[in-house]
Amino acid sequence: MAHRALVAYERPDGRYDIHASRWGGLDCRLADAISPVDPYAGDAVDPVPRVIARPFGDMLTMADPARHEALYRVSAEYVVDTYLPLWFGLAHYLGESLLGGGPGDRQSDGLVVAVDSPADAEAFREWFQAAKDTVAEAVVGGYLSRADAQAVLADAVSQRGTGREVFAPWSGRETNEY
Amino acid sequence: MTPTESVRSRTNPPIELARSVVETGLASDALVTIFGDCTVDYEGRAESTLGPGDRHVMCKPDGTVLVHTDEGHQPVNWQPPGCTHEVSVEESTLTLRSERSTPAEELLVQFRDVDHVATFDVTDPEELSLSGTEEDLRERVLDEPELIEPGFTPLSTERETPAGAVDIYGEDANGRAVVVELKRRRVGPDAVGQLARYVEALERDLHDDADVRGILVAPSVTDRARTLLAERGLEFVSLEP
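Presented here is a report on the structure given in the accompanying data block. In this text, all values refer to a predicted model and were calculated from it rather than measured experimentally. (Residues numbered from 1 in each chain as written. Chains lettered and ligands numbered in written order. Predicted model: local features only at pLDDT ≥ 70, side-chain atom pairs only at ≥ 80, totals over all residues. Heavy atoms only, no water.)

So, about the layout of surface pockets. Taken as a whole, the second largest pocket holds about 690 Å³ of empty space. What lines the second largest pocket is a set of 28 residues, among which Arg125, Glu126 and Gln129 of chain A together with Arg185 and Arg186 of chain B lie closest to the centre. Of all elements in the fold, only β4 (68-74), β5 (80-87) and α3 (118-140) of chain A together with α5 (189-206) of chain B reach the threshold of two or more residues within the lining of the second largest pocket. At eight residues, α3 of chain A tops the list of elements feeding residues into the lining of the second largest pocket. Its residues placed into classes, the lining of the second largest pocket shows 13 nonpolar, five polar and ten charged. (1 Å grid on protein atoms, 1.4 Å probe; cavity = no way out; pocket = protein on both sides within 12 Å on 5 of 7 lines; lining within 4 Å. Points joined across faces, edges and corners; volume = space filled by probe spheres on them. Helix = DSSP H or I, 4+ residues; strand = E, 2+ residues; numbered from the N terminus. Nonpolar A, V, L, I, M, F, W, Y, C, P; charged D, E, K, R; others polar.)

Encoded structure:
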């Protein structure tokens, strides 16, 4: 709902406090609004943390790719890195349940990719949605299995993500850094 | 609007008159300024106290409060937009209380002496062309539920479901449960997937034969998203943020 995001603030001990934002996933401009004098960008980030003192990877596994549209990592020096969760779920294209998932459909499958600006985020999102629409059409038309479609998406994201941090927090794949 | 209608001010007003001017200004969404000898106490993420001194206090219609001294461009104390204000007279002191619930914060300005008080009805043509903030979209729907459809009644925000919190949960004119998902940009099929998931989760939450409507609110949707909405019996309302 809305354009939800998670924001991980680094603590002095190197671990992170993870906060939620209702609208921070809109256009990724939240990264520019977070600063030492305004850590929660006005009201953009809930000042009450969801969890405290966790490793960075916990934000990735906490994220729900069907629901969270951006993730932010705020270093102790307030350098803000932005990541896009990319949802590989296809059940909604196939008229299936979005809760249990259909046979072989992993609702929580997907990748997380680093972006370096709001413009980069917008371009990556548009590209990914077009790629997902294309493979979904192929699955709906019976030309591609769902597993193959998701593998195609993963390959495409990895190729387009060359030079970026890419994480696979939900699928059990190895975490890759290209 | 003529100047006499849009501006009201008093110099060295009796304390009760100052209260009346401020109260009327706050109630009518005017910009309110008070200048005089006051103390300032803030309690919230931290605590601070300013002893007696001359300060200029400005209350904006959006809930912002700024406390200025005669130095610098930054206020010495402030509250962000969204705060609620109350004015009262307590023991011959004009008390302005500004509160915010999340996080819990309170700014208390107490004037022993008011030198000047004024209210201004501000009409800024520039303001009309600006898009609203993120939260404004939800507030607009809550203030004007008929933007969704006639007879829609919001019942709660952030209602939790197994699939996450729902933006707005309500009932239509026939008493059917309605899930409203708010988006501020053009959206594609994944937004339909999100909405479908909330609808399913709520149907499970309520009871087996619950019939929950799902309405996607966004400036626009892609053709593919429109098709998927129709296939799932979900609805779309076009609303610019």
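Anyway, onward from the coordinates.
Tallying the contact residues gives 35 residues for chain B and 32 residues for chain A. In this assembly, chain B packs against chain A so that about 2,900 Å² is buried in total across both faces, 50% of it on carbon and sulfur atoms. Taken as a group, Arg185, Asp190 and Arg197 of chain B account for 22% of the area that chain B buries against chain A, more than any other trio of residues on that side. Summed over the shared surface of chain B and chain A, the number is nine salt bridges. Residue arginine 4 of chain A is joined to aspartate 167 of chain B by a salt bridge in which the shortest nitrogen-to-oxygen separation is 3.0 Å. Scanning the region where chain B abuts chain A turns up 20 residue pairs in polar contact (both at pLDDT 80 or more). Among the elements that make up the side of chain B that touches chain A, the one with the highest residue count is α5 of chain B (eleven residues). Broken down by class, the residue content of the side of chain B that touches chain A amounts to 15 nonpolar, three polar and 17 charged. (Contact = heavy atoms within 4.5 Å. Buried area = accessible area lost by both parts, 1.4 Å probe. Salt bridge = Lys/Arg side-chain N within 4 Å of Asp/Glu carboxyl O. Polar contact = N/O pair within 3.5 Å; in protein donor to acceptor, adjacent residues only side chain to side chain.)

All names here are of chain B. Spatially, β9-β10-β11-β12-β13 is the arrangement adopted by the five strands of the open sheet, whose pairing is mixed. Both outer strands of the open sheet, β9 (153-161) and β13 (235-238), are each paired with one neighbouring strand and no more. Within this sheet the neighbouring strands show an average axis-to-axis angle of 30°, counted without direction. Inspection of the sheet shows strand β12 (residues 213-218) paired to β13 by four bridges, in the parallel sense. The residue of β13 that forms the bridge with leucine 216 is phenylalanine 236. (Pairing = 2+ DSSP bridges. Axes fitted to C-alpha atoms, helices over the stretch in contact; angles between N-to-C directions.)

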